[in-house]
Amino acid sequence: MNISNIFSWLRLAFKIFSKSPTTLFSIFIIFIYVIASLAVCVNLVPPLPPAKGGWEYIYQPPSTREFPWYILGTDFTGRPLLLAIVRGIPSTLAIAFLAAVITVSVGVVLGLASGYFGGMIDEVISMVINVALVIPTYLLALILVVILPAELKTNVFVLAGVLSITAWASLARAVRAQTSSLKRREFIDVAKTLGFSPWKIMFGEILRFMAPFIAMSLILAMTSAIYGYTGLAFLGLMPMSSENWGVQIYMAIRAGGALYSDKAILALWSPIITIVLLQYALINIAKTMEEIFNPALRAGLLVGEEE
Amino acid sequence: MSENIIETRNIKVVFSVRKGLLKRIKFAAVDNVSISIPKGSIVGLLGESGSGKTTLGKVTLALLKPTSGEVLFQGKNVFNMSKDEFKYYRLNAQYIPQDPYASIHPFKTVKDVLTDIVMYHQLAKSNREALEMAKDVMSKAGLNPPERFLNRYPFQLSGGERQRLSIARALILKPAYIVADEPVTMLDASLKSSTIKTLRDMVNAIGSSLLFITHEITLLQFFGIKTRIGVMYLGKIVEEGYIRDVLENPMHPYTQALIAAIPIADPKARETRRLILKSTIPSPLNRPHGCVLSDRCPYAMDICRKEEPILKEVKAYHKIACHLYN
Amino acid sequence: MSVEAPLLEVRDLNVSYLNVKVLSDISFKIFRGKVFALVGESGCGKTTTANAILRTLPEIASVDPKSKIIFYKDAHNPYNLLEVDESQFSREIRWREISMVFQGALNSLNPTIRIKDHFIETAKAHGISDKRWILERARELLEAVKLDPDRVLSLYPVEMSGGMKQRTLIALALILNPKFVILDEPTTALDVLTQREILFLLKDLKNKFNLTYMLITHDIALVADMADIIAIMYAGRIVEEAKVEDIFYEPLHPYTKGLLMTVPKLNEFKEDITSLPGSPPDYRRMPSGCKFHPRCPYAMDICRREEPKMVDINGRKVLCWLYSEKG
C-alpha cells in the first residue's frame, strides 16, 4: 500500500462518511478532539494554574475571566473546569487507542493461529482464551490498579495494558471461529496451490476477509477502554488528578454533593457530556466500518467511479 | 514413452464422521484408486456427488493427505519430497474449483488477484511487469479487453467471468498440472462450451496436463477422442477407457445409466429413455457389500453382492470392474 | 386452434426496477394440464416473470398498470391477479392456487429449522395452523416424492443431499394442493442421474395430481423431455414461442438457433466448439433496435434501428425482422 493508495482510500472513506449527517457530525467530533489533543501536546493550551484549596474557590459558578477557561466555573481544586477537561483529552484518547490496539492485535493473532493451524496449537490457545474469559475482567483491572504504585497509575501504557488484559479473549474466540470456517472455503484451497505460505494466507487472505469486522472491533474496543478507564476513576481508584474525567465525576458527587445540590452540577455534567459525545462519535464511525471495508456495500459509489 | 506427470497408486482416503454423541463412523471416500496422467495430456474423471472425484483431485494436489497410497509427481512421492522439490511441485500443480462465488476473495479486485501471485513469487520485477502478465493471461482467458475488468471486484462479474478469472489465476504460473473440478457446472448451459474451449486452448498452449472432473460426460468430448476417462462411483473406478470407446460402448451399468440420463435436444427421444438404475444413490456411509453398485444394478447377480469385482482390461485400453465381464 | 380457455394468461407485462426496464411486453397463455417452459440465459427475466405472477417482486419493482395477469380459476370466471389486493392474494391464491418450487441449490431451505418445521411454517404463513393436518399432508407428499417421511421430517437441510432437498421443495410447493406450479430451475446443480429422477418424478406428479407447470430453465435440452410449449426469453422479451417440436426441429429466431447449437450432442467429437459469441446486454445500456442484433449473425440494417414486432406464423410467434414484411 503506497502513498497514493492511502490517499484515495481516505478520500473514499470521507465520501462514505459524508453520506449521512450523523456520520459527518461524528467525524467532525473526532476531528475536534484530535485537534484539541494536539493543541495540548504542543502547549498551545495553557497549563493548569496551581490548585487553590478552600470552600470559596471550589465549584465556583461560570465567569468570563480568562476567556474561555472559566465558562464552566471551577472544579474541586479551584482550577478552571473547561481547561481541566480539555487537558484530559490526550490521555484518554491515547489510553483508548493503545488499549484497543493491544486488544485487537493479541486477539487477532491468537484467533488466526488457533483457527488456522488447529491441532495442538488450537487446544493450547483455546484453553488460554477460556481462562481469560472466565476471569472477571473488571475485577482484575481493579485489583491491578490497587496494587500498582502511584507513579505507574498514571502511565498511559500501563493503564492501556491493564484495561486490555482480558478484553482480547472474546475477539480471539470470534476470529478463531471465523478462521476455522473460512479455511474450508475454496479460495483458501487455491491460495494453497498458489504456493502462499500459511502466514500469507492468514494475514493476506483470511484477515482481509475479516477486515470490516476487525475495524469495527477496534473502534468498539476503544469505547470499552474509555468506559473502563472512567469507571476506575469513578470508583475512586485513580490519583486525584483534575485532568481525569472520571475523577471529576467522582469528586462532583462526593465532594460537591452534585446529586443533592446544584453547586457542582456543571462539574458533574460537563465530563459526562464530554465522554458521551466521544463514545457516540466512535460508535457511529464503527457502524460505517463495514461499508468502508466491504466493496460490495459500496456499490453505489463504485458505479459512479466507473463512469 | 511419455512420462507421467501425476500418478496415484492405491489411494485410499478414509474420513470419519460423528454419529450421535460418542460414535464415529468411518467411510472410504476414495477406495484403492490408481490413475496416471501423462505429460501434456487431458484426463477426464466422471462421477456424481459422493463418488470421491473431488477428494481424489485434491489428493493429487496434496491438498489432502491420503490415508494410504502414494501420489507421485514426475516419479517422486509428493509427501516425501525435500523442501525445494516440494516448492517446485507446488507451483506446478494448480486448482480451478467449482463454485465461482466461493472461490475468489470478495475484497480483492481482478488486478489484485492476479498481480498478488506474480509479485509474491517474484516472477515480475516491477508493478508494471506484473500488470502486463496479468493482462496477458486475462486476455487469453477471454476477459477482453483486460482494462475493463482490472478494477472490478468479484461481485461485479458474472458467473462466467468469474470462472474465467479462476482459469486465468490457475494458469498465470504456467503450471505443468491443473485440476479443474466441475468448472462449468454452475454456469448457464450456453456458456459451458465456450468456457471449456478457453480452458482447453490455454492448457494446450502451455503443454500442461489437465484433470477434468465432471458429472457431464458430453463435456469431455471437447477434449478430443484421445482423451482417457475414468468413471467413479462411491470411491471406486468402475470403468476406464478412451472417451470415444466409453461413449459408444459403455460397458459398466453405471456408465450406461449416466449416458442414458443425459438430456438430449430431441423431443422424440423422450419416450424411449428410461431410468436404468433402481432407487437412488446411497449415502457413502452405507456402501453395499461386494460391488458398489449391487443395490441398484438391474443386472445384479448373487456374486455381485458378495465379491468386489476387480478393474480389468476387457478390450484394448478399456477397463471395467464388473462381474458381467468375468 | 383450440378455443379452450387457458389457465393463466399474461398480457403486456412490463416491469421496471427503479427506472430500469427489466420485462417488456411479456405475453403468453398457459393451458390446463400442459407444461409451459420459459427458457433463457441468466438475467433474461424468467424469474422476474415468475415473481410477477406470484406477486413476490421486490419493493423496488414497479409493474406497469396496463399489464394483466389473468387467472382462470374456473373457466368462466377469470380475473386479473394484479388487481387483487395483497391480503386476499395471500389468503386465496398464493400457495393455494399457484405455488413455486425454488431452486434447491440456492439454499432456499432455512438451515436452522428441521424439515417438519418447514412444512408447518409454510402452511402457517398461508393460513393453516392445524399441525396434525399439516404433518399428515407432509407425510403424504414426502412419500409421493419418494422420500421416507419418518427419516426426512426430523432432518436439518444440511443433512440432506441435493436431490433430497429438491424433492422436499417440491413437496413443500404442493402442500396446499395448488393446480398451477412454477418450477424455477428445478434441476440446476444436481447430478445428471438425480436430474433425470427429478424430471421423471415431476412428470409422475403432474399426472397424479392434474397439475399445470411453468418450467423455468437456462438449459434448453432439459425441456425437450418435459415441455409442450416453449417460450425463449432474451433481454426481458419473449423472442420466440412455439410447440416443442417446432422449436427443436424448426427453430426460427437466431437466438434459439444459437442456444440449440450450444447443446453438446453425443458422439460429436467436434474439436471446434460452437458457441454464442458475446453476452446478454446490460439493462441500463441496451442496444438500439433489436436487443439481440449485436450477437446476431443475420443482423440487417433495420435490426439496428427498430425493434421488431411479434409476428404470428401459423400459431407460433417470433420477434424478428427476418420474418416480418419489412425484413
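Residues numbered from 1 in each chain as written. Chains lettered and ligands numbered in written order. Predicted model: local features only at pLDDT ≥ 70, side-chain atom pairs only at ≥ 80, totals over all residues.

Concerning the overall build of chain A
- Helices and strands together make up the secondary structure of chain A, namely 15 helices and zero strands.
- Dimensions of chain A, computed from the C-alpha atoms along their principal axes, are close to 75 × 55 × 35 Å.
- By residue count, 39% of the 307 residues in chain A fall in the buried class.
- In chain A, 68% of the contacts between residues at least 6 apart in sequence involve partners at least 24 apart. (Helix = DSSP H or I, 4+ residues; strand = E, 2+ residues; numbered from the N terminus. Buried ≥ 20, exposed ≤ 12 C-beta atoms within 10 Å, placed from the backbone. Contact = placed C-beta atoms within 7 Å.)

Comments concerning the interface of chain B and chain A
- Facing the 21 residues of chain B at the interface are 18 residues of chain A.
- Mapped onto the side of chain B that touches chain A, the elements with two or more residues apiece are helix H2 (83–91), strand S6 (93–96) and helix H3 (110–120) of chain B.
- Looking at the side of chain B that touches chain A element by element, the count peaks at three residues for S6 of chain B.
- Each residue belonging to the side of chain B that touches chain A can be placed in one class, and the counts come to 14 nonpolar, four polar and three charged. (Nonpolar A, V, L, I, M, F, W, Y, C, P; charged D, E, K, R; others polar.)

Focus on helix H8 (residues 156–164) of chain A
- All buried positions along H8 of chain A are accounted for by Leu159, Ala160, Val162, Leu163 and Ser164 of chain A.
- The elements touched by buried residues of H8 of chain A are helix H4 (89–117), helix H6 (137–147), helix H9 (168–182) and helix H12 (211–234) of chain A.

Examining the arrangement of the chains
- With two pairs of chains in contact, the largest contact count belongs to chains B and C.
- No part of chain A reaches chain C; the closest C-alpha pair between them is 12 Å apart.

Comments concerning the environment of Ile35 of chain B
Residues and elements named next belong to chain B.
- Within the secondary structure, Ile35 sits in strand S2 (residues 23–38).
- Classification of Ile35 as buried rests on a count of 20 C-beta atoms within 10 Å.
- Separated by 24 residues in sequence, Ile35 and Ile11 have C-alpha atoms that sit 9.1 Å apart.
- Contacts of Ile35, omitting those with residues within four sequence positions, involve Thr8 and Gly230.

Some details on the nonpolar core
- Ranked by size, the top nonpolar core spans 170 residues in total, and within it Ala99, Ala225 and Ala267 of chain A together with Ala168 and Phe212 of chain B carry the most contacts.
- No other element matches the 12 residues that H4 of chain A contributes to this core.
- Inspection of this core shows a minimum of three residues originating in each of domain 1 (3–87 + 264–306) and domain 2 (91–220) of chain A.
- With near-sequence residues (within four places) excluded, Ala267 of chain A lies in contact with Tyr59, Asp75, Phe76, Leu81, Gln248, Ala252, Gly256 and Ala258 of chain A.
- Within the second largest apolar cluster, 92 residues are counted, among which are Val22, Ala52, Ile93 and Leu319 of chain C. (Core = buried A, V, L, I, M, F, W, Y, C linked by C-beta atoms within 7 Å. Domains from an automatic or database assignment.)

Focus: the interface of chain C and chain B
- At the interface, 36 residues of chain C touch 36 residues of chain B.
- Where the side of chain C that touches chain B is concerned, the elements lending two or more residues are helix H6 (162–173), helix H7 (192–209), helix H8 (220–226), helix H9 (244–249) and helix H10 (254–261) of chain C.
- Partitioning the side of chain C that touches chain B into residue classes produces 18 nonpolar, nine polar and nine charged.

Focus on the environment of Gln88 of chain C
Residues and elements named next belong to chain C.
- Turning to its location among the elements, Gln88 is positioned in helix H2 (residues 86–93).
- For Gln88, a count of 9 C-beta atoms within 10 Å translates into the label exposed.
- For the pair Gln88 and Gln103, spaced 15 residues apart in the sequence, the C-alpha separation amounts to 27 Å.

Some details on the sheet that holds strand S3 (residues 35–39) of chain C
Residue and element names in this part refer to chain C.
- Ordered by their spatial adjacency, eight strands build an open sheet running S7-S8-S9-S3-S10-S11-S13-S12, and the pairing between neighbours is mixed. If you trace the sheet from one side to the other, it starts and ends with strand S7 (98–101) and strand S12 (311–313), each paired once. The mean inter-strand angle of the sheet, taken between neighbouring strand axes irrespective of direction, is 20°.
- Sheet analysis places S3 next to strand S10 (residues 229–234), joined by four bridges and oriented parallel. Across the sheet, Ala37 pairs through a bridge with Ile230, a residue of S10.
- Helix H1 (residues 46–54) contacts S3, S7, strand S8 (180–184), strand S9 (212–217) and S10 of the sheet and is inclined by roughly 150° relative to S8. (Pairing = 2+ DSSP bridges. Axes fitted to C-alpha atoms, helices over the stretch in contact; angles between N-to-C directions.)

Digging into the pairing of strand S7 (residues 177–181) of chain B
All names here are of chain B.
- Burial of S7 is extensive: five of the five residues sit out of reach of the surface.
- On S7, burial covers both faces: Tyr177, Val179 and Asp181 on one face and Ile178 and Ala180 on the other are all buried.
- Here S6 pairs with S7 via four bridges, running parallel. Bridging from a neighbouring strand, Ala93 pairs with Tyr177 of S7.
- Taken together, S7, helix H7 (residues 189–206) and strand S8 (residues 209–214) constitute a β-α-β crossover, and its handedness is right-handed. (Right-handed = clockwise from strand over helix to strand, strands pointing away.)

What to know about the domain arrangement of chain C
Residue and element names in this part refer to chain C.
- Once the domains are mapped, chain C shows domain 1 (1–97 + 178–285) and domain 2 (109–175).
- On a C-alpha basis, the centroid separation for the pair domain 1 and domain 2 is 25 Å.
- On the side of domain 2, 11 residues touch domain 1, which itself brings 16 residues to the contact.
- Among the secondary structure elements, those contributing two or more residues to the side of domain 1 that touches domain 2 are H2 and H7.
- If you tally residues by element for the side of domain 1 that touches domain 2, the top one is H7, at six residues.

Remarks on the pairing of S7 of chain C
Residues and elements named next belong to chain C.
- Side chains Ile98 and Met100 of S7 all project onto a buried face; the interleaved residues Ser99 and Val101 project onto the opposite face, where all are buried too.
- Strand direction decides the pairing type here: S7 and S8, joined by four bridges, are parallel. In the sheet register, Met100 faces S8, and the bridge partner there is Ile182.

What about the domain arrangement of chain A?
All names here are of chain A.
- As far as domains go, chain A holds domain 1 (3–87 + 264–306) and domain 2 (91–220).
- Inter-centroid distance (C-alpha atoms) of domain 1 to domain 2 is 27 Å.
- In this assembly, nine residues from domain 1 lie in contact with seven residues from domain 2.
- Of all the secondary-structure elements, those providing two or more residues to the side of domain 1 that touches domain 2 are helix H2 (21–41) and helix H14 (265–293).
- When residues of the side of domain 1 that touches domain 2 are assigned to their parent elements, the largest contribution, six residues, is made by H14.
- For the side of domain 1 that touches domain 2, the class distribution of residues is six nonpolar, two polar and one charged.

Regarding the confidence of the model for chain A
All names here are of chain A.
- Mean pLDDT over chain A stands at 85; residues scoring 70 or higher make up 96%.
- Confidence, expressed as mean pLDDT per element, reaches its minimum in chain A at helix H15 (residues 299–306) with 43 and its maximum at H4 with 93.
- Below a pLDDT of 50 lies the segment residues 301–307, which in the model reaches two contacts outside its immediate sequence neighbourhood of four places, other chains included. (pLDDT = per-residue confidence, 0-100.)

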